[in-house]
Amino acid sequence: MRVRARRDGLQARMASAIAVAVVVGLVVGAATALVLRPILVKGSLGSGTLILIAVVATALTACALISRKAASRLAGGLVRNLDLIQIGVRRVRAGHLDERVRLDSGDETEDLAEAFNLMTEDLQESIDRLREANRELHVLEQVKVDLVANVSHELRTPLTALKGFLELLDEGELGPLGLEAQRAISVCRRNADRLTMRVDDLVALSQMEQSWPDQLETEPFDLLQLVSMVAEVYEMRTRAKDIRLSVEAPDEISLVAGNEEQIERAVINLLDNAVKFTPNGGEVVLAVEECDHDHREGVLIRVVDSGIGIPGNELVRVFDRFHQVDPSIRRRFGGMGLGLSLVNHIVESHRGVVWAESGDEPGSTFFLWLPSWSPDGDAASGEEGVEDEGQRRPA
């Protein structure tokens, strides 16, 4: 009931002011008529008409003056209260969520202030819950990272011993083997090597997530030489699948600053994916070019394949850990979904960007952009990274 009465406050005050103005106007008009009656009686018009005109004119004038004064006072109070609420809104917008507006006007502006205070309290509670949930999420994320790191390190020791004995068996150091045994040993060695690579990926990923970016040692290097070397390494593999590997690069290109070993690993992972998902007789293109991004000079690497392609709704998620576009892909091509996640971590640690594109036609294109090296600093780039997908693509 209190809120209802307050919601009618401004209307009631205005009605009261008008009523007072009318009463006062009539009283003043009547008093004026009594005072001027002797003069009006001597006029040409009838005394009754003149008195009525005097009363009405005086009453209207007094009513207008009083109503204007009352309206001005009401409007002034309303404006002051709204200014206080506006100041509170600005402070909340600036991050002062403990801001409260205290009004005792007894009208709708007090209701508005109370609603504002309730809103800020609810907002503060929501933010507190989000902060707590974010803290718990970080704790869980750290637990997951530690688990992956520990498991990976624990797997290394038995894998090393397994590979060592398989190598001795394969080379005949532990006695002669029949053809079937040799074939079985070869299969075991290949799968042990694959498992070792997966474990190495897990170890590298956990190191990057924990401390590697803070310990990154960078120096300028020529990306053209790195790309040429990676292409030579994959030449034999592409020939075995009858895949044509093309390298498109200018004669010279700007140096980039970074950890050459890690950048090489990123390029290898992209090229490895391209070759793995391209069918026999397909084509893979490895291109390098100068390219600006977000007002920064840099170098862009493109890896184009003619493989199975990526659905549009999966293009962003392909860089997530352990993500596979289709579960059948793991059965057909192998892998754990770590290669692109490693690429993403490496590139972000170098203040670069990486993204993928895939259209209706078969095949995909992966882009890796790195800032150019500058003699005045490590790289001709700012400290800020890319925050959303809309900013990922070079200009």
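Being a predicted model, the structure only gives us computed values, none of them experimental. (Residues numbered from 1 in each chain as written. Predicted model: local features only at pLDDT ≥ 70, side-chain atom pairs only at ≥ 80, totals over all residues. Heavy atoms only, no water.)

S.K.: Explain the overall build of the protein here, please?
M.R.: In terms of helices and strands, the protein carries nine helices and seven strands. The 395 residues of the protein split such that 35% are buried. Here the analysis covers contacts within the protein between residues at least 6 apart in sequence; of these, 71% occur between residues at least 24 apart. Accessible area of the protein: about 24,000 Å², with a carbon and sulfur share of 55%. (Helix = DSSP H or I, 4+ residues; strand = E, 2+ residues; numbered from the N terminus. Buried < 20%, exposed > 50% of the residue type's maximum accessible area, 1.4 Å probe, protein only. Contact = heavy atoms within 4.5 Å. Areas by Shrake-Rupley, 256 points an atom, 1.4 Å probe, with all protein chains shown as cover.)

S.K.: Looking at this model, I keep getting lost on a nonpolar patch on the surface. Mind explaining?
M.R.: Among the surface-exposed residues, Leu147, Val151 and Leu155 lie close enough to one another that they form a single nonpolar patch of about 250 Å² accessible area. Inspection of the secondary structure puts Leu147 in helix α4 (residues 108-170). (Patch = residues over 30% accessible without salt bridge, like charges linked within 9 Å, V, L, I, M, F, W, Y side chains within 5 Å. Salt bridge = Lys/Arg side-chain N within 4 Å of Asp/Glu carboxyl O.)

S.K.: How should the pairing of strand β7 (residues 365-371) be read in this particular structure?
M.R.: A regular strand places its side chains so that they alternate between the two faces of the sheet. In terms of burial, β7 is largely enclosed, as seven of its seven residues are buried. Residues Thr365, Phe367, Trp369 and Pro371 of β7 are buried on one face, and the alternating residues Phe366, Leu368 and Leu370, pointing to the opposite face, are buried as well. For strand β5 (residues 298-305) and β7, the ladder comprises seven bridges, and the chain directions are antiparallel. Within β7, the residue paired with Gly298 across the bridge is Pro371. (Pairing = 2+ DSSP bridges.)

S.K.: Looking at this model, I keep getting lost on the sheet that holds strand β6 (residues 353-357). Mind explaining?
M.R.: Strands belonging to one sheet form pairs held by backbone hydrogen bonds; the direction of such a pair is parallel or antiparallel. If you trace the five strands from one edge of the open sheet to the other, you get β2-β4-β5-β7-β6, paired in mixed fashion. Each end of this open sheet is capped by a strand with a single partner; those strands are β2 (244-248) and β6. Direction aside, neighbouring strands of the sheet carry axes that sit 10° apart on average. As paired strands, β6 and β7 are joined by five bridges and run antiparallel to one another. Bridged to Val354 within β7 is Leu368. Here helix α6 (residues 223-240) sits on the sheet in contact with β2, β4 (283-290) and β5, set at roughly 170° to β2. (Axes fitted to C-alpha atoms, helices over the stretch in contact; angles between N-to-C directions.)

S.K.: What's the story with the confidence of the model for the protein in this structure? I'm lost.
M.R.: Detailed reading of the predicted coordinates is not advisable wherever pLDDT falls low. Overall, the predicted model of the protein reaches an average pLDDT of 75, with 68% of residues at or above 70. Low confidence marks residues 1-7, where pLDDT is under 50. Its contacts with residues over four positions away, or in another chain, come to ten contacts. In this model, residues 380-395 is a region of pLDDT below 50 whose contacts with residues beyond four sequence positions or in other chains number 37 contacts. (pLDDT = per-residue confidence, 0-100.)

S.K.: So what exactly am I meant to see when it comes to α6 here?
M.R.: At 3.6 residues per turn, the α-helix brings residues three or four places apart onto the same side. For α6, which comprises 18 residues, the first-to-last C-alpha distance of 26 Å matches the rise-based estimate of 26 Å (1.5 Å per residue) to within 8%. At Tyr234, α6 is bent by approximately 40°, the largest bend along its length. Buried within α6 we find Leu223, Leu224, Leu226, Val227, Val230, Ala231, Tyr234 and Thr238. One side-chain oxygen at the N-terminal end of α6 lies 2.9 Å from the backbone nitrogen of Leu224; it belongs to Asp222. (Expected span 1.5 Å × (residues − 1). Bend = angle between axes of the 7 residues up to and from the residue. Polar contact = N/O pair within 3.5 Å; in protein donor to acceptor, adjacent residues only side chain to side chain.)

S.K.: Sorry, what's going on with the pattern of salt bridges here?
M.R.: Pairing is possible between side chains that carry opposite charge, provided their charged atoms lie close to one another. Counted according to the given criterion, the structure contains eleven salt bridges. Here Arg91 and Glu99 are joined by a salt bridge, their closest N and O atoms 2.6 Å apart. You can call Arg91 partly exposed: its relative accessible area is 34%.

S.K.: Help me understand the packing of aromatic side chains in this model?
M.R.: The description of two aromatic rings rests on the distance between their centres and on the angle between their planes. This model, assessed by the stated rule, comprises one aromatic pair. On the numbers, 4.9 Å between centres and 10° between planes, the contact of Trp355 with Phe367 is stacked. Taken as a pair, Trp355 in strand β6 and Phe367 in strand β7 lie far apart in primary sequence, twelve residues in all. Judged by its relative accessible area of 2%, Trp355 falls in the buried class. Since its relative accessible area comes to 10%, Phe367 is described here as buried. (Phe/Tyr/Trp six-rings, centres within 6.5 Å; stacked < 30°, edge-to-face > 60°.)

S.K.: How should the nonpolar core be read in this particular structure?
M.R.: Note that soluble globular proteins tend to have their nonpolar side chains buried in a common cluster. With 37 residues, the main nonpolar core has Leu223, Ile263, Leu271, Ile301, Phe366 and Leu368 as its most contacted residues. Contributions of two or more residues to this core are made by α6, α7 (260-277), β4, β5, α9 (339-349), β6 and β7. Setting aside residues no more than four positions away along its own chain, Ile301 makes contact with Leu223, Val227, Val267, Leu286, Ala287, Val288, Phe366, Phe367 and Leu368. Of all hydrophobic cores here, the second largest spans seven residues; its members include Leu97, Val101, Leu103 and Ala113. (Core = buried A, V, L, I, M, F, W, Y, C linked by side-chain atoms within 4.5 Å.)

S.K.: Would you explain unusual backbone geometry in this entry?
M.R.: Even without glycine at this site, Asp294 takes up a positive phi of about 50°. A positive phi angle, close to 60°, is found at Arg351, a residue other than glycine. Relative to the elements of secondary structure, Arg351 occurs in the loop between α9 and β6. Classification of Arg351 by relative accessible area gives partly exposed; the value is 25%.

S.K.: What is the right way to look at the packing of α7 against α9 in this model?
M.R.: Two quantities define a packed helix pair, namely the angle between the helix axes and the distance between the axes. Orientation of α7 relative to α9, taken along the N-to-C sense of each, is 145°, at an axis distance of 9 Å. Crossing handedness for the pair α7 and α9: left-handed. Residues Gln262, Ile263, Arg265, Ala266, Asn269, Leu270 and Asn273 of α7 form the contact with α9, whose participating residues are Gly339, Leu340, Leu342, Val343 and Ile346. Each residue belonging to the contact of α7 with α9 can be placed in one class, and the counts come to seven nonpolar, four polar and one charged. (Left-handed = near helix turned anticlockwise from the far one by under 90°. Nonpolar A, V, L, I, M, F, W, Y, C, P; charged D, E, K, R; others polar.)

S.K.: Sorry if this is basic, but what is going on with the environment of Glu260 here?
M.R.: Here Glu260 lies in helix α7. Glu260 sits 37 residues away from Leu223 along the chain, and the two C-alpha atoms are 8.6 Å apart. In this structure, Glu260 is in contact with Phe221 and Leu226, ignoring residues within four places of it in sequence.

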